[in-house]
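Spelled out from the first residue to the last, the chains are:
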Amino acid sequence: MAYDERLARFRQAHLNPFNKGPEQGERPDGGPPAPAQQPDPSPGDPEGTLDLGLAEDHFSRPVGLILASDVQQLRQAIEECKRAILALPEHSERQKDAVVRLIHLRLKLQELKDPGEDEPNIRVVLEHRFYKEKSKSVKQMCDKCSTIIWGLIQTWYTCTGCYYRCHSKCLPLVSKPCVRAKVSHQAEYQLSICPESGLDSQDYRCAECRAPVSLRGVPSEARQCDYTGLYYCSSCHWNDLAVVPARAIHNWDFEPRKVSRCSMRYLALMVSRPVLKLREINPLLFNYVEELVEIRKLRQDILLMKPYFITCKEAMEARLLLQDRQHFVENDEMYSLQDLIDIEAGRLSCSLTEIHTLFAKHIKLDCEVSSRHGAGSAVTHGVAPVGPVP
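Note that the structure is predicted; figures quoted are calculated from it, not measured.

Each value, and the rule that gives it
Residues numbered from 1 in each chain as written. Predicted model: local features only at pLDDT ≥ 70, side-chain atom pairs only at ≥ 80, totals over all residues. Heavy atoms only, no water. Helix = DSSP H or I, 4+ residues; strand = E, 2+ residues; numbered from the N terminus. Expected span 1.5 Å × (residues − 1). Buried < 20%, exposed > 50% of the residue type's maximum accessible area, 1.4 Å probe, protein only. Arc of directions from axis to C-beta. 1 Å grid on protein atoms, 1.4 Å probe; cavity = no way out; pocket = protein on both sides within 12 Å on 5 of 7 lines; lining within 4 Å. Points joined across faces, edges and corners; volume = space filled by probe spheres on them. Nonpolar A, V, L, I, M, F, W, Y, C, P; charged D, E, K, R; others polar. pLDDT = per-residue confidence, 0-100. Contact = heavy atoms within 4.5 Å. Patch = residues over 30% accessible without salt bridge, like charges linked within 9 Å, V, L, I, M, F, W, Y side chains within 5 Å. Areas by Shrake-Rupley, 256 points an atom, 1.4 Å probe, with all protein chains shown as cover. Salt bridge = Lys/Arg side-chain N within 4 Å of Asp/Glu carboxyl O. Lys, Arg positive; Asp, Glu negative; His and termini not counted. Charge placed at Lys NZ, Arg CZ, Asp CG, Glu CD.

Another point: helix H2 (residues 71-87). If you check H2, its first and last C-alpha atoms are 24 Å apart, about what 17 residues at 1.5 Å a residue would give, namely 24 Å. Along H2, the positions that sit buried rather than exposed are Leu74, Ile78, Cys81 and Ile85. Buried residues along H2 cover an arc of 65° about the axis, so they all sit on one side. Residues Gln72, Arg83, Leu86 and Ala87 are exposed on H2 and point more than 90 degrees away from its buried face.

Laid out in structure tokens, this is it:
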């Protein structure tokens, strides 16, 4: 009897938890519990029989398990999860779990919409040369859809020419050619100050993407670019600030103005290009800006020294003629927009004086060939050398 009692207690303690019917608990008539269908332990087993783990539900669904496999199912699951979060008590553990589940669902949806690992490293679209970015932590904005690029879960590209950034899914929607091509083929500025022609001339549409715009902001706000004078939508004009060349040349005004994204990229690529011939565009500027006169005098002196450096072996080996602003040793007329900005800030005069001092020191003291032929005296008196130095 002792063995039978131990067997009954064992069977009662290890009932199958998956059988919820009345036949596996107590009988409806209140009789003793029915024996479970499992092999009887051998008579030799000890009283403390090992737990076989039948009391644990191994087939229950793990918390946060995502069964949806396509975009439509994931969107439906996200909406259901949102409703569940609103219905649960605030700051409760169940609500926190639901929020975590919602995050996982959204990440899964993004992975299905934007599979990044199979994307090519280089894409060419409308003269843009897009390279796939490797950075996962830098937060950027997409130039096409004007939304955040989440580098941790999204694939994104940058044009190596104009630094246009966009999601991989936005690449087929890019409609504006690379501005570097325009800089290469036609490197010139718009030199009229904000040449506005009115929204009606644009048919009340964005100058770039042709989306409907209006000054009232319906359906989209019309934003004027101070460089082109045209109006753009909020997706093509982010209120970026840049120095406008026309205002700098005609008014000596370097206050940054609001420009469109396309204009900002063009101005950024053009800022160091010496394409401004000030004496032709605005010759009166030299009468009112004293720094320009000083800079022109220094550049003329540098050009007087240039023939000595060309024939001086030591100067050629030291590459003294290779400067950051190469146009300064080639002519005294052309300026870049960056030159004008630095003149206004007082930086260019100091750096150009250093170059002038370096050149004069080499000719007067360091170079034996130049000093032997009186080059130092010629430079001091501002006289161009007569013929090449042997």
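Alright, that's what it looks like, and here's the rest.
Let us look at the layout of surface pockets. Considering only enclosed or pocket space, the largest pocket measures out at about 390 Å³ in volume. For the largest pocket, the lining is made up of 19 residues, of which Lys176, Lys182, Thr228, Cys262 and Tyr266 are closest to its centre. At the level of elements, helix H4 (179-185) and helix H6 (261-270) are the ones that each hand at least two residues to the lining of the largest pocket. The leading source of residues in the lining of the largest pocket is H6, at three residues.

Under the criterion given, the structure shown has one cavity of 30 Å³ or more. One number sums up the size of the largest cavity: a volume of about 30 Å³. Around the largest cavity, the lining residues are His128, Cys162, Tyr164, Lys176, Pro177, Val179 and Arg265. Of the residues contributing to the lining of the largest cavity, the split by class is four nonpolar, one polar and two charged.

For the chain, per-residue confidence averages 75 on the pLDDT scale, and 68% of positions sit at 70 or higher. Across the chain, the secondary-structure element scoring lowest on mean pLDDT is helix H14 (residues 375-380), at 47, and the one scoring highest is strand S10 (residues 257-259), at 94. Note on residues 20-26: pLDDT under 50 across the span, and eight contacts to partners over four residues away in sequence or across chains. With pLDDT under 50 throughout, residues 375-390 is counted as low confidence; its partners more than four residues away or in other chains account for 23 contacts.

To continue, consider a negative patch on the surface. A surface patch of negative charge is lined by Glu290, Glu291, Glu294 and Glu344. Ranked by the residues each element gives to the negative patch, the list is headed by helix H9 (residues 290-311), at three residues. Relative to the helices and strands, glutamate 290 resides in helix H9. Glutamate 290 gets classed as exposed once you look at its relative accessible area, which sits at 69%.

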